[in-house]
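Coordinate inspection notes
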Amino acid sequence: MIAKESPLSPAPLSSAASPEHIALTRGRDDGHFHVEEVSPTTLIIPTFDRIEMLRECLETVAQQTQQPLEVIVVNDGGERKDALEQLSTRAPLTVLHQENKGKSAAVNAALERAQGEFIWIVDDDDLVLPSALETLTRMLQHAPEVGFAVGRHNRFRETSDGDREVFDTGYW
């Protein structure tokens, strides 16, 4: 995750969420309203015709302990525009469509629209752990002068019987 703009001086720390980072949501199971903290982060997901992977990615985003301020999915020339328009998230979702120009152009298109203080770029085949966004956000809030935060990842593959085999990241 990166800070959208480098701050000139660290912001004061606060244990409470600011009012602009609070959301009132209706619970899925009980129908009651709940207050939840929202990360000041725009989540950007570039994609190209991998709708099932993207859906699973968005499901893990919906399970975050902190929801992003917004989610921007960029369709980089994929043909399944109708399926992308049917996607949903707990956070506000924008789907952008562009001609196939590659991942960096897709990310740049989303950056032009991003409203968050922080930017989190996730690939459409990524599955994120429930506390990933909250952890990365808190790291940047506590040390804004660093400008970016990273976390460890594991690689996995689908086995022939439908299970997932998880293994170390190895070397790229």
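Residues numbered from 1 in each chain as written. Predicted model: local features only at pLDDT ≥ 70, side-chain atom pairs only at ≥ 80, totals over all residues. Heavy atoms only, no water.

Turning to the overall build of the protein chain, a few remarks are in order. Counting its secondary structure elements, the protein chain contains 4 helices and 8 strands. Listing the helices and strands of the protein chain from first to last along the sequence gives β-β-β-α-β-α-β-α-β-α-β-β. Expressed as a percentage of its 172 residues, the buried residues of the protein chain come to 36%. Counted over contacts in the protein chain with a minimum sequence separation of 6, partners at least 24 positions apart contribute 61%. When the accessible surface of the protein chain is summed, it comes to about 10,800 Å², and 51% of that surface belongs to carbon and sulfur atoms. (Helix = DSSP H or I, 4+ residues; strand = E, 2+ residues; numbered from the N terminus. Buried < 20%, exposed > 50% of the residue type's maximum accessible area, 1.4 Å probe, protein only. Contact = heavy atoms within 4.5 Å. Areas by Shrake-Rupley, 256 points an atom, 1.4 Å probe, with all protein chains shown as cover.)

Here we take up helix H4 (residues 132-142). Those residues of H4 not exposed but buried are Leu 133, Leu 136, Thr 137 and Leu 140. Down the axis of H4, the sector holding all buried residues measures 100°, keeping them to one side. (Arc of directions from axis to C-beta.)

Let us look at the nonpolar core. The biggest cluster of nonpolar side chains holds 24 residues, and the ones touching the most others in it are Ile 45, Leu 54 and Trp 120. The set of elements that each furnish at least two residues to this core consists of strand E3 (33-47), helix H1 (51-62), strand E4 (67-76), helix H2 (81-85), strand E6 (118-121) and H4. The greatest single-element share of this core, amounting to 5 residues, is contributed by H1. Setting aside anything within four residues of it in sequence, one finds Leu 54 in contact with Ile 45, Thr 47, Val 73, Leu 84, Leu 87 and Asp 124. Listed in part, the 9 residues of the second largest apolar core include Ile 44, Leu 96, Ala 106 and Val 107. (Core = buried A, V, L, I, M, F, W, Y, C linked by side-chain atoms within 4.5 Å.)

Right, let's talk about the confidence of the model for the protein chain for a bit. Residues shown with low pLDDT carry predicted positions that ought not to be read at fine detail. Here the protein chain averages 82 in pLDDT, and 79% of its residues register 70 or above. The least confident element of the protein chain, judged by mean pLDDT, is strand E2 (residues 22-26) at 47; the most confident is helix H3 (residues 103-113) at 96. Residue range residues 6-20 is modelled with pLDDT below 50. Its contacts to residues more than four positions away, or to other chains, number 8 contacts. The low-confidence segment residues 22-26 (pLDDT under 50) makes 20 contacts with residues lying over four places distant or belonging to another chain. (pLDDT = per-residue confidence, 0-100.)

This part is about the side chain of Asn 75. Here Asn 75 is to be found in strand E4. For Asn 75, the side chain forms a polar contact with the side chain of His 97, separated by 3.0 Å. In this view, Asn 75 contacts Thr 47, Lys 81, Leu 84, Leu 96, His 97 and Gln 98; residues no more than four positions away in its chain are not counted. (Polar contact = N/O pair within 3.5 Å; in protein donor to acceptor, adjacent residues only side chain to side chain.)

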